[in-house]
Amino acid sequence: MGIYIKAGIILLGALALCYSLLPSAGLKYLWKQKSRQRARGGSADRRLYLTFDDGPSRAYTGELLCLLKQYQIKASFFVVAEFAGKNPDLIEWMEEEGHLVGIHSVQHKNALFRGRRFICADLRESVETLEKMGLNIRYYRPPWGHLNLWTLFYIRNQKLKLILWDVMANDWSARETAKSIKEKLLRRVFPGAVVCLHDGRGAAGAPERTIEALKESIPLLLEQGYSFERMDAYEC
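Residues numbered from 1 in each chain as written. Predicted model: local features only at pLDDT ≥ 70, side-chain atom pairs only at ≥ 80, totals over all residues. Heavy atoms only, no water.

J.: How should the overall build of the chain be read in this particular structure?
T.: Each helix and strand in the chain was counted, giving eight helices and eight strands. Per-residue burial for the chain yields a buried fraction of 47% across its 236 residues. For the chain, the accessible area works out to roughly 12100 Å², and carbon and sulfur atoms hold 55% of it. (Helix = DSSP H or I, 4+ residues; strand = E, 2+ residues; numbered from the N terminus. Buried < 20%, exposed > 50% of the residue type's maximum accessible area, 1.4 Å probe, protein only. Areas by Shrake-Rupley, 256 points an atom, 1.4 Å probe, with all protein chains shown as cover.)

Structure (structure tokens):
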């Protein structure tokens, strides 16, 4: 009996590896490899792609939009559909300011080991929620970057583009300060980098620290010759 249990465990592990762990890790690896090639081959092209996850937030997104407008920066927002449905005015504001809006699931649930029904319903409801607000949704970022084979199938089925990232500053964490977030951003960015930050969720007050970090880091990055683009200007 012990042999069968061990065999079952090995089989389940192999299935999990092929179904979700390998696709998630593999796509992140390929994304990073392409980013490194872009950085090596186009150092003169000092574009950055600011992206924000987990919003919109009634407490923070408006302040962030005002900051981006101050510097005439266009960014990309990967919104949680449930939050978007509760804050349609913030989505409209993003659109009016010329930002790109993509989806980031319905309730920010981890899709790593979810099945076909969940993946299909989550993507469909996310797209439909935003389309009812008049948006044409073409970009998707999975929570935590976790996905599986069904995710890849339904992304293709719904003609969505998968967007990951190159740079994070752990800005969701209670351990980070505005200063540490700024320092990580300045140290980690490179030409062509996709920067992932957050305008919602996270530890208490985390998005406010992110905004404070951007107030100092954006002028410094502009001085270094960087410009900012939306993800639809990114060559995936």
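Picking up where we left off.
J.: Before we go on, may I ask you to explain unusual backbone geometry in this structure?
T.: As a rule of thumb, non-glycine residues mostly have phi less than zero, and peptide bonds are mostly trans rather than cis. A cis amide bond, omega 0°, links Gly55 with the succeeding residue Pro56. Considering the arrangement of structural elements, one finds Pro56 in the loop between β1 (47-53) and α2 (61-70). Backbone geometry at Ser105 places phi at a positive 85°, although glycine is not the residue there. Position of Ser105 relative to the elements: it lies in the loop between β3 (100-103) and α5 (116-131).

J.: Where do I start with helix α8 (residues 206-223) in this structure?
T.: Along an α-helix, residues three or four apart share an orientation, since each turn contains 3.6 residues. Its 18 residues give α8 an end-to-end C-alpha distance of 26 Å, which sits within 8% of 26 Å, the value for a rise of 1.5 Å per residue. Of all the bends in α8, the largest measures some 30° and sits at Lys215, one to four residues before the proline Pro219. Contacts from the buried residues of α8 go to β1, α2, α7 (178-188), β7 (194-198) and β8 (227-228). Of the residues flanking the end of α8, it is Gly225, one or two places downstream, whose phi is positive at about 95°. (Expected span 1.5 Å × (residues − 1). Bend = angle between axes of the 7 residues up to and from the residue. Contact = heavy atoms within 4.5 Å.)

J.: Is there a simple way to think about the packing of aromatic side chains in this case?
T.: The geometry of an aromatic ring pair is captured by two quantities: the separation of the ring centres and the angle between the planes. A complete count under the given rule lists six aromatic pairs for this structure. Arranged with centres 5.0 Å apart and planes meeting at 90°, the rings of Tyr49 and Tyr234 form a pair that is edge-to-face. Of this pair, Tyr49 sits in strand β1 while Tyr234 sits in the segment after β8, and the two are 185 residues apart along the sequence. For Tyr234, a relative accessible area of 8% corresponds to the buried category. These aromatic residues form a ring-pair network of at least three members: Trp31, Tyr49 and Tyr234. Across the ring face of Tyr226, the terminal group of Arg46 is positioned such that the distance to the ring centre comes to 4.1 Å. Directly above the ring of Phe118 sits Arg114, whose terminal nitrogen or CZ lies 4.3 Å from the centroid. (Phe/Tyr/Trp six-rings, centres within 6.5 Å; stacked < 30°, edge-to-face > 60°. Lys NZ or Arg CZ within 6 Å of the ring centre and 35° of its normal.)

J.: Please clarify how the nonpolar core should be interpreted in this entry.
T.: Across soluble globular proteins, nonpolar side chains have a tendency to be buried as a group. In terms of nonpolar packing, the biggest core is built from 47 residues, with Leu50, Phe52, Phe77 and Leu130 touching the most fellow members. When sequence neighbours within four positions are dropped, the list of residues in contact with Leu130 reads Val79, Ala81, Ala84, Ile91, Val101, Ile103, Leu135 and Ile137. Judged by nonpolar contacts, the second largest core, of 13 residues, contains Trp31, Tyr139, Leu164 and Trp165. (Core = buried A, V, L, I, M, F, W, Y, C linked by side-chain atoms within 4.5 Å.)

J.: Help me understand α2 in this model?
T.: For α2, the complete set of buried residues consists of Thr61, Gly62, Leu64, Leu65, Leu67 and Leu68. On its buried face, α2 is in contact with β1, β2 (76-79), α4 (88-96) and α8.

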